[in-house]
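A structural walkthrough
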Amino acid sequence: MHILYCTFGNRFSNHLQAAFSAMSFLQQPNEVKSINIITDAAPFYQHLAKHANIIPVTPEKIKEWKGPHDFFWRVKIKAIEQIANMYTGSPVIYCDTDTFLYSNIASLKAELLGGKAYMHEDEGALSTLKDKTSKRTWRALEGKTFGGLAMKPTDHMWNAGVVSTPNNQNGKDVELALQICDEMCAGGVPFRLVEQYSLSLALNHIYTLGDATPWIAHYWRNKEDWDPFILAWIAEQQFKGKNFEEMLAGFAQLDLSQVPVIIKRKYTAVKWHRAVDWLFPPRNHKYVKRNM
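Throughout what follows, the structure given in this document is the object of discussion. (Residues numbered from 1 in each chain as written. Predicted model: local features only at pLDDT ≥ 70, side-chain atom pairs only at ≥ 80, totals over all residues. Heavy atoms only, no water.)

**Thoughts on the sheet that holds strand β1 (residues 2-7)**
- Pairing in this open sheet of 7 strands is mixed, and the strands run β3-β2-β1-β4-β11-β6-β12 from one edge to the other. In this open sheet, the two edge strands, each paired with only one partner strand, are β3 (53-56) and β12 (209-211). Within the sheet, the average angular offset between the axes of one strand and its neighbour, ignoring direction, is 20°.
- Two elements, β1 and strand β4 (residues 92-95), share 3 bridges in a ladder whose sense is parallel. Each residue of the ladder has a partner; that of I3, found in β4, is I93.
- Relative to β1, helix α1 (residues 12-26) is tilted by about 175°, and along the sheet it contacts β1, β2 (34-39) and β4.
- Each of β4, β6 (117-119) and β11 (162-165) is contacted by helix α4 (residues 106-113), which is oriented at about 130° to β6, the strand it contacts most. (Pairing = 2+ DSSP bridges. Helix = DSSP H or I, 4+ residues; strand = E, 2+ residues; numbered from the N terminus. Axes fitted to C-alpha atoms, helices over the stretch in contact; angles between N-to-C directions. Contact = heavy atoms within 4.5 Å.)

**Observations regarding the side chain of D155**
- Along the chain, D155 falls in the loop between β9 (149-150) and β10 (156-158).
- Other than its neighbours up to four places away in sequence, D155 contacts G124, A125, L126, A150, Y197 and L201.

**Some thoughts on the packing of α1 against helix α8 (residues 223-239)**
- Two numbers describe how α1 lies on α8: the axes approach to 10 Å, and their chain directions differ by 70°. Here α1 is positioned roughly perpendicular relative to α8, judged by the angle of their axes. Of the residues in α8, those touching α1 at S13, L16, Q17, F20 and M23 are K223, W226, D227, F229, I230, L231, W233 and I234.
- Within the contact of α1 with α8, the residues separate by chemical class into 9 nonpolar, 2 polar and 2 charged. (Parallel < 35°, antiparallel > 145°, perpendicular 65-115°, else oblique. Nonpolar A, V, L, I, M, F, W, Y, C, P; charged D, E, K, R; others polar.)

**What about the pattern of salt bridges?**
- Tallying each qualifying case throughout the model produces 11 salt bridges.
- We note a salt bridge from K66 to D70, for which the minimum N-O separation is 4.0 Å.
- With a closest N to O distance of 3.0 Å, K76 and E195 form a salt bridge. Of this pair, K76 sits in helix α3 (residues 74-86) while E195 sits in helix α7 (residues 194-206); the two residues are 119 residues apart in sequence, bridging distant segments of the chain.
- The exposure class assigned to K76 is buried, which follows from its relative accessible area of 5%.
- Put simply, K76, D96 and E195 are held in one network by salt bridges that share partners. (Salt bridge = Lys/Arg side-chain N within 4 Å of Asp/Glu carboxyl O. Buried < 20%, exposed > 50% of the residue type's maximum accessible area, 1.4 Å probe, protein only.)

**Some points on unusual backbone geometry**
- Its identity as a non-glycine residue notwithstanding, N167 has a phi of 60°, on the positive side.
- Note on placement: N167 falls in the loop between β11 and α6 (172-186).
- The backbone of N170 sits at a positive phi, close to 55°, despite the residue not being glycine.
- Tracing the backbone shows N170 in the loop between β11 and α6.

**Quick look at the side chain of N36**
- Position of N36 among the secondary structure elements: in strand β2.
- At 2.9 Å, the side chain of N36 and the side chain of Y87 are in polar contact. (Polar contact = N/O pair within 3.5 Å; in protein donor to acceptor, adjacent residues only side chain to side chain.)

**Considering the packing of aromatic side chains**
- Per the stated rule, a full pass over the model turns up 14 aromatic pairs.
- Ring geometry for F100 and W226: centres 4.9 Å apart, planes at 45°, overall tilted. Taken together, the residues F100 in strand β5 (residues 99-101) and W226 in helix α8 connect sequence positions 126 residues apart.
- Residue W226 is classed as buried on the basis of its relative accessible area, which comes to 0%.
- Among the aromatic residues, ring-to-ring pairing joins F20, F100, Y219, W226, F229, W233 and F251 into one connected group. (Phe/Tyr/Trp six-rings, centres within 6.5 Å; stacked < 30°, edge-to-face > 60°.)

**Focus: a positive patch on the surface**
- Taken together, the side chains of K130, K135, R136 and R139 present a region of like positive charge at the surface.
- Following the sequence through the fold, K135 ends up in helix α5 (residues 132-141).
- Note on K135: relative accessible area 41%, which makes it partly exposed. (Patch = residues over 30% accessible without salt bridge, like charges linked within 9 Å, V, L, I, M, F, W, Y side chains within 5 Å. Areas by Shrake-Rupley, 256 points an atom, 1.4 Å probe, with all protein chains shown as cover. Lys, Arg positive; Asp, Glu negative; His and termini not counted. Charge placed at Lys NZ, Arg CZ, Asp CG, Glu CD.)

In short, shape yes, function no, at least from these values alone.
Below, the structure is given as structure tokens:
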């Protein structure tokens, strides 16, 4: 079983998240054969070099992976394709950086080896979802065919924070996801959900899909609390002078139940606050200027 992360850019919190998530999988070395990080920021991962395959990617390669419609999240599908080709016949688990393994993964491995695919969680039939983006997407899909598949109102969309493929169909699953993705982009479907829905449709067509939440947490709805928690823990290890192996040992004792994975927040007030700050910048700020 092979784990994959993709990280791009210099946002430090993303790289901290990836390192933290990788450490969670490194707790079960007997089940995880390799950890692979496809990134354009390889210097952030030197501490992981003994424990992971750091795969540098160039701006030219990223542009190629975006495809003819310059769709950034198509890169995720291409990255999964690359790792699946590297480890033909062996399960591959792609994880967003804001994830971590919190349960024994042996049973998930057995399910994948048995031919069942997994994504983070079932978000429901796209045709029934009430948010504006889902409604716009379904209007663009209804009655059409993509990748040879008729779009049905009963088709479910799965969250792509985790994408796990048995990888035993000679690449047909990822090939189908790419075909659906490209045809949707060409057909004027709003980009926002295209990569996620393409993977959902392809994996459920080639295999059947299950929910990965019993094994892998995805805290995309509470990064506000997880990011400082991760930063504080890693900084503490560094200040104590611990090497990476000692940090791995310490991770095993870390209480991952301290911070909720999901918090439902109302963002209307936050948006208004940001808008007011933009329109009327605060004038009571004070800065220092280096003078040495």
